[in-house]
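Chains, contacts and geometry: an overview
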Amino acid sequence: MEEPEGKEIFEATVEIRFADIDAMGHVNNAVYFSYFEQARMAYFKERVARVWNWNEDGVIVARNEIDYIFPVFLNDRMNIRLWVEHVGNKSFSVCYRVVVGERLCATGKSVLVCFNHKDQRPQAIPEAWRTVFLAN
């Protein structure tokens, strides 16, 4: 998964915790999805809205996928590069690249659905979010 031309890429540094390491000495495969979530939260806080009501303008994960390319170890400085790839009516896709230095370690993608937790139903992407997603 290549980074798109002309699209702004958001980068987040995610701390690798000792608890993230498996018996083989590298980051456990399941932990990457938590890293993606942390990077998305940093993106939302910086680019979309610093404060919002997650009960009424929330998201749920509809799909996660990942391709592992090279292991990440405890003392690595890992960055997650992400961008919004697709914007629909109620859902959007976020792509990720996990890098250590110049080395690509994993790629991934999440499909997220905007969801009103109070009413327990999907809803349209808020216009303020759509504007940010489509701006780059």
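Scroll up to find the structure this text is about.
This report concerns the structure included in the present document. Every chain is numbered on its own, with residues counted from 1 as its sequence reads. Per-residue local features of the predicted model are confined to residues with pLDDT of at least 70, and side-chain atom pairs are confined, for both listing and counting, to 80 or more; whole-chain, interface and lining totals are unaffected and use all residues. Calculated side-chain values reflect all of the structure's heavy atoms, with hydrogen atoms and water omitted.

1. Here we look at the overall build of the protein chain
Helix and strand definitions follow DSSP, with helices as H or I runs of at least four residues and strands as E runs of at least two, each counted in order from the N terminus. Tallying secondary structure elements over the protein chain gives 2 helices and 6 strands in all. Going from the N terminus to the C terminus, the protein chain shows its helices and strands as β-α-β-β-β-β-β-α. Taken over C-alpha atoms, the radius of gyration is set against a globule rule of 2.2 Å times the number of residues to the power 0.38. A compact globule built from 136 residues would reach a C-alpha radius of gyration of about 14 Å, and the protein chain, at 15 Å, matches this within 12%. Along the three orthogonal principal directions, the C-alpha set of the protein chain runs to about 45 × 35 × 25 Å. The buried share of the protein chain, reckoned over its 136 residues, is 40%. Every residue pair with non-hydrogen atoms within 4.5 Å of one another is taken to be in contact. Put simply, of all contacts in the protein chain between residues at least 6 apart along the chain, 67% involve residues at least 24 apart. Surface accessibility follows the Shrake-Rupley procedure with a 1.4 Å probe radius. Residue values consider only the protein chains on display as shielding. Element-wise, carbon and sulfur atoms account for 49% of the exposed surface of the protein chain, whose accessible area totals about 7,800 Å². In the protein chain, 16 side chains carry a positive charge and 19 a negative one; their mean positions are 4 Å apart. Partly exposed describes any residue whose relative accessible area lies between the buried limit of under 20% and the exposed limit of over 50%, with all areas from a 1.4 Å probe on protein chains only and scaled to the type maximum. We score Asp and Glu as negative and Lys and Arg as positive, and we do not count His or the chain ends. Each charge is placed at NZ for Lys, CZ for Arg, CG for Asp and CD for Glu.

2. Things to note about a nonpolar patch on the surface
Together, Ile69, Phe70 and Phe73 make up an exposed nonpolar region whose accessible area comes to about 260 Å². For phenylalanine 70, the position within the fold is in the loop between β2 (58–68) and β3 (78–87). Without a salt bridge and with relative accessible area above 30%, a residue can belong to a patch; like charges are then joined within 9 Å and nonpolar side chains (Val, Leu, Ile, Met, Phe, Trp, Tyr) within 5 Å. Every case where a carboxyl oxygen of Asp or Glu lies within 4 Å of a side-chain nitrogen of Lys or Arg is listed as a salt bridge.

3. Some details on the nonpolar core
We call a set of buried residues a nonpolar core when its members are Ala, Val, Leu, Ile, Met, Phe, Trp, Tyr or Cys and they connect through side-chain atoms within 4.5 Å of each other. By size, the foremost hydrophobic cluster in this structure holds 35 residues, and its most contacted members are Val72, Phe92, Val98, Trp129 and Phe133. Listing elements by their share of this core, those giving two or more residues are β1 (10–14), α1 (32–48), β2, β3, β4 (91–100), β5 (103–116) and α2 (127–135). Other than its neighbours up to four places away in sequence, phenylalanine 133 contacts Lys7, Tyr43, Phe44, Val48, Val84, Val87, Phe92 and Ile125.

4. Quick notes on α2
Every buried residue belonging to α2 is among Trp129, Arg130 and Phe133, and all of these are buried. Taken down its axis, α2 places every buried residue within 100° of arc, on the same side. Away from its buried face, by an angle of more than 90 degrees, α2 presents the exposed residues Glu127, Ala128, Thr131 and Ala135. By construction, the arc corresponds to the directions joining the helix axis to the C-beta atoms.

5. Overview of the pattern of salt bridges
The full count for this structure, using the stated rule, is 11 salt bridges. Between arginine 47 and glutamate 8 there is a salt bridge, with its nearest N and O atoms 3.1 Å apart. Of this pair, arginine 47 sits in helix α1 while glutamate 8 sits in the segment before β1, placing them 39 residues apart in sequence. Arginine 121 serves as the salt-bridge partner of aspartate 119, at 3.7 Å between the closest nitrogen and oxygen. Assessed through its relative accessible area of 42%, aspartate 119 is described here as partly exposed. Relative accessible area serves as the criterion here: at 40%, arginine 121 is assigned to the partly exposed category. Each of the salt bridges in this network shares a partner with another, and the network as a whole consists of Glu3, Glu11, Arg81 and Arg97.

6. Quick notes on the side chain of asparagine 79
One can find asparagine 79 in strand β3. The class for asparagine 79 is buried, based on a relative accessible area of 11%. At 3.3 Å, the side chain of asparagine 79 forms a polar contact with the side chain of glutamate 11. As used in this structure description, the phrase polar contact means that two N or O atoms lie within 3.5 Å; if the pair is within protein, one of them must be able to donate a hydrogen and the other to accept it, and residues adjacent in sequence are counted only when both atoms belong to side chains. A polar contact of 2.6 Å, which involves the side chain of asparagine 79, links it to the side chain of threonine 13. Discounting chain neighbours no more than four positions away, the residues touching asparagine 79 are Glu11, Ala12, Thr13, Arg97, Val98 and Val99.

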